[in-house]
Amino acid sequence: MSLWSLRRSLVVGINLAVVTVLAVTAWASYRDILHELDEVFDAQLAQTAKSLATFYAPAKNKLSVTQIIPISQYDDTGEDSYAEEKGPSGHKYESKIGYQIYNVDGNLLASTNQAQSLNLKGLEAGYHTLKSDKNTWFIFSYFEESKGIWVHTFQRQDVRGELSGYLASEQLYPLLLMWVPISLIILLIVYIVLKPVNRFAADLRARELNNLSPVESELPNELVPIRQALNRLLHQIKMFSEREKRFVADASHELRTPLSAIQVHAENVISADSLDDAKHSGRSIFNSVERMSRLVNQLLLLNRLDSLNFTEKFEEVEISKLVSLALNHLPINKVENHQWHIDVSSIRIICDETLIVSVLTNLLSNAMKFSPKGSKIQVVALETANRVIIKVADEGKGVPKETLERLGERFYRLQEHSAVSGAGLGLSITQKIVQLHHGKISFNNSYPTGLEVHIELPK
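All values reported here derive from a predicted model rather than from experimental measurement.

Asker: Account for the overall build of the chain, with residues named and values stated.
Answerer: Helix and strand counts for the chain come out as eight helices and 15 strands. A buried classification covers 35% of the 459 residues belonging to the chain. Put simply, 63% of the contacts in the chain that link residues at least 6 apart link residues at least 24 apart. Within the structure as shown, the chain displays about 28900 Å² of accessible surface, and the carbon and sulfur contribution to it stands at 57%.

Written out as structure tokens, the structure reads:
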């Protein structure tokens, strides 16, 4: 497939437009000049006829011989030099123009000696066109009533055509000569206009492969949207690259511990002296695999959430249904160890049901993990004019004030919670899901003890 060149298209297109305008202008000028020329020649025919009628003196003897006016005899061999077209006896154009005078009876009184005879008797007053052999004649007929004579002046078409040709060439030559500098000026203008584009392309070619910073090249206003679109693309590529790097780093860091544990316990199984020792190591391997599987699933979910930047299918759901589904995902024996206070009435929100259930499941699971048995866990929903607030509160020890802002960071866990199972990804997943729903999440210590999580979602 041939490459489309903006420069070539501009040069060719503008030149075609200029040539078209020049050609139309030349043609219009030629037509106007030809019209004016015809008017001049027609006026000259009329003026000549009237002059002849004024100065012609008819013979007293009506039977007198016709007066023949001699004309120069030149061979019409086409265009000659100016010196060859005239001589002592006259000009070669004399054979192309002439006149005839008739009396009222139709008798020819006077006539130029044309090589080609023309019978103009009987023509009415005014202008006429007569075709004779290969030539066309323009004729003006005039009747002088006081003298009783008809005067017919005539002119061959090629007289006008030759002059028209001169005028046309005089029009075309300047236009052709004008087109050459215009074309050069067009080339220069196109080069100057496209220079920022070439500089923009050169800047992109000179970039390092890992340079994903925004492009700041100066461009004309018409090309600024291209630069903006390119910068958005570079930003997306940068985010994707950083996300992939973070995923690989997180996975390699967090999977190292369970893999090491699996290796150690596998060696213990191989070298176990008794069945009980082998079973103990096997259970440890199972727990490590379970932890690793949960970690991988969380990493994959977090990576998938990072790649989403829009809401796909949101539906209107009652919060009570979401809370019930979240509780069903938790171990029943652990749920029964706490007192539950749920007040969500019949409030509804528009959301992705699966994702919000995952959010509530993570928050309720954390509330059970970090609060003592028999303590109360609250789930309360409030409704404002344009938002819905969901509050999850427990009666645990809470979180030190200086670390509240770090909740939600990937793999961040409090030192005192190191004995509790988990990888520190639950709140990161929760925060990302809330952001995808155009909401926000906040963490506060409750009085006298415990942690409150507030989720605000648009209605």
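Asker: I'd like a rundown of the sheet that holds strand 8 (residues 149-156), residues and numbers included.
Answerer: As summarised here, the arrangement of the six strands in space is 1-5-4-8-7-6, forming an open sheet in which the pairing is mixed. Edge positions in the open sheet fall to strand 1 (67-69) and strand 6 (126-132), since each of these has one partner strand only. On average, adjacent strands in this sheet sit at an angle of 20° to one another, irrespective of strand direction. Of the strands in this sheet, strand 4 (97-103), strand 6, strand 7 (135-144) and strand 8 are in contact with helix 1 (residues 6-55), which crosses strand 8 at around 145°.

Asker: Now, about the packing of helix 5 (residues 319-328) against helix 7 (residues 353-369): what can you tell me, with residues and values included?
Answerer: The contact between helix 5 and helix 7 brings their axes to 8 Å, and the two run at 60°. Here helix 5 lies oblique to helix 7, going by the angle between them. As for how helix 5 packs across helix 7, the hand of that crossing is right-handed. Two secondary-structure elements touch here, helix 5 through Lys321, Leu322, Val323, Leu325, Ala326 and Leu327 and helix 7 through Glu353, Ile356, Val357, Leu360, Thr361 and Leu364. In terms of residue class, the contact of helix 5 with helix 7 is made up of nine nonpolar, one polar and two charged.

Asker: Before we move on, can you summarise helix 5 with the specific residues and values?
Answerer: Those residues of helix 5 that sit buried are Ile319, Leu322, Val323, Ala326 and Leu327. On an axial view of helix 5, the arc spanned by its buried residues comes to 135°, and they lie on one face.

Asker: Describe in detail the sheet that holds strand 14 (residues 440-445), supporting the description with residues and values.
Answerer: Reading across from one edge, 10-12-13-15-14 is the order of the five strands in this open sheet, with mixed pairing throughout. Sheet topology places strand 10 (339-343) and strand 14 at the edges, where each strand pairs with a single neighbour. This sheet shows a mean twist of 15° between the axes of neighbouring strands, independent of strand direction. Examined bridge by bridge, strand 14 and strand 15 (residues 451-458) share six bridges and lie antiparallel to one another. The residue bridging lysine 440 from the neighbouring strand is glutamate 456, located in strand 15.

Asker: Kindly report on the packing of aromatic side chains, identifying the contributing residues and their values.
Answerer: Per the counting criterion, the structure on display carries three aromatic pairs. Relative to phenylalanine 140, the ring of tyrosine 127 lies with its centre 4.8 Å away and its plane at 50°, an arrangement referred to as tilted. With tyrosine 127 in strand 6 and phenylalanine 140 in strand 7, the pair connects residues that are 13 residues apart, well separated along the chain. Relative to phenylalanine 154, the ring of tryptophan 137 has its centre 5.5 Å away and its plane inclined at 80°; by these criteria the two rings are edge-to-face. Taken together, the residues tryptophan 137 in strand 7 and phenylalanine 154 in strand 8 connect sequence positions 17 residues apart. An identical accessibility class is assigned to tryptophan 137 and phenylalanine 154; each is buried.

Asker: Go over the pairing of strand 6 with me, naming the residues and quoting the values.
Answerer: The side chains of a regular strand alternate, first on one face of the sheet and then on the other. Sheet topology places strand 6 next to strand 7; seven bridges connect them, and they run antiparallel. Looking at strand 7, one finds that leucine 130 is bridged to tryptophan 137. Taken together, strand 6 and the strand that follows it, strand 7, pair antiparallel across an intervening segment of two residues, in which aspartate 133 is found at a positive phi of about 55°.

Asker: Before we move on, can you summarise the pattern of salt bridges with the specific residues and values?
Answerer: Within the structure shown, the criterion is met by eight salt bridges. In this structure, arginine 160 and aspartate 38 form a salt bridge, with 3.3 Å as the shortest nitrogen-oxygen distance. Of this pair, arginine 160 sits in helix 2 (residues 157-205) while aspartate 38 sits in helix 1, and the two are 122 residues apart along the sequence. According to the relative accessible area criterion, aspartate 38 is partly exposed, its value standing at 26%. A salt bridge links arginine 387 to glutamate 456; its shortest N-O distance comes to 3.3 Å.

Asker: Break down the nonpolar core for me, citing the residues and quoting the values.
Answerer: Grouped together as the largest cluster of nonpolar side chains are 40 residues, with contacts concentrated most on Ile319, Leu322, Ile349, Ile356, Phe443 and Ile455. Residue assignment for this core shows that the elements contributing at least two residues are helix 5, strand 11 (348-351), helix 7, strand 12 (376-383), strand 13 (387-393), helix 8 (426-436), strand 14 and strand 15. If near-sequence neighbours (up to four positions away) are discounted, isoleucine 349 is found in contact with Glu315, Glu316, Val317, Ile319, Leu322, Ile356, Val388 and Leu457. Within the second largest apolar cluster, 13 residues are counted, among which are Ile101, Phe140, Ile149 and Val151.

Asker: Residue-level account of the UniProt feature "transmembrane region" (unreviewed entry) in the chain, with values.
Answerer: In the UniProt entry, the feature "transmembrane region" (unreviewed entry) is given for residues 12-30 and 172-194. Between the C-alpha atoms that bound residues 12-30 there is a distance of 26 Å. The span itself is 100% helix and 0% strand. Structurally, residues 172-194 is divided into 100% helix and 0% strand, and its ends, taken at the C-alpha atoms, are 32 Å apart.

Asker: Tell me what's going on with the packing of helix 7 against helix 8, and back it up with residues and numbers.
Answerer: The geometry of helix 7 relative to helix 8 is characterised by a closest axis approach of 9 Å and an angle of 145° between their N-to-C directions. Seen along the crossing, helix 7 lies across helix 8 with a hand that is left-handed. Across from Leu355, Ile356, Ser358, Val359, Asn362, Leu363 and Asn366 in helix 7, the residues of helix 8 making contact are Gly426, Leu427, Ile429, Thr430 and Ile433. The residue makeup of the contact of helix 7 with helix 8, split by class, is seven nonpolar, five polar and no charged.

Asker: Go over unusual backbone geometry with me, naming the residues and quoting the values.
Answerer: The backbone of serine 345 shows a phi angle near 45°, a positive value even though the residue is not glycine. Mapping serine 345 onto the fold places it in the loop between strand 10 and strand 11. Residue classification places serine 345 among the exposed positions, given a relative accessible area of 52%.

The rules we used
- Along each chain, residue indices are assigned from 1 in the same order as the chain's sequence is written.
- Per-residue local features of the predicted model are confined to residues with pLDDT of at least 70, and side-chain atom pairs are confined, for both listing and counting, to 80 or more; whole-chain, interface and lining totals are unaffected and use all residues.
- Side-chain metrics in this entry use all non-hydrogen atoms of the structure; hydrogen atoms and water are not considered.
- In this description a helix means any DSSP run of H or I spanning at least four residues, a strand means any run of E spanning at least two, and both kinds are numbered starting from the N terminus.
- Exposure categories follow from relative accessible area, calculated using a 1.4 Å probe and restricted to protein chains: below 20% of the type maximum is buried, above 50% is exposed, and the middle band is partly exposed.
- Any pair of residues with heavy atoms lying within 4.5 Å of one another is described as a contacting pair.
- Residue-level accessible areas treat just the shown protein chains as cover; the underlying method is Shrake-Rupley with a 1.4 Å probe.
- Note on pairing: two strands pair once DSSP finds at least 2 bridges between them.
- Axis lines are fitted to C-alpha atoms, over the contacting stretch for helices. Their N-to-C directions set the angle, which ranges from 0 to 180 degrees.
- Oblique is the label for any angle not under 35 degrees, not over 145, and not in the 65 to 115 range, which are roughly parallel, roughly antiparallel and roughly perpendicular in turn.
- For any helix crossing, the convention is left-handed if the near helix is rotated counterclockwise from the far helix by under a right angle, and right-handed if that rotation is clockwise.
- Residue classes follow a fixed rule: Ala, Val, Leu, Ile, Met, Phe, Trp, Tyr, Cys and Pro count as nonpolar, while Asp, Glu, Lys and Arg count as charged, and any other residue, Gly among them, counts as polar.
- Arc, as used here, means the arc of the directions from the helix axis to the C-beta atoms.
- Aromatic pairing here means that ring centres of Phe, Tyr or Trp (its six-membered ring) are within 6.5 Å. Orientation follows from the plane angle: under 30 degrees is stacked, over 60 is edge-to-face, and everything else is tilted.
- Definition used for salt bridges: Asp or Glu carboxyl oxygen within 4 Å of a side-chain nitrogen of Lys or Arg.
- For the purposes of this section, nonpolar cores are sets of buried Ala, Val, Leu, Ile, Met, Phe, Trp, Tyr and Cys residues that join through side-chain atoms within 4.5 Å.
- UniProt positions are given in the numbering used here, feature names are shortened, and annotations may be inferred rather than shown by experiment.

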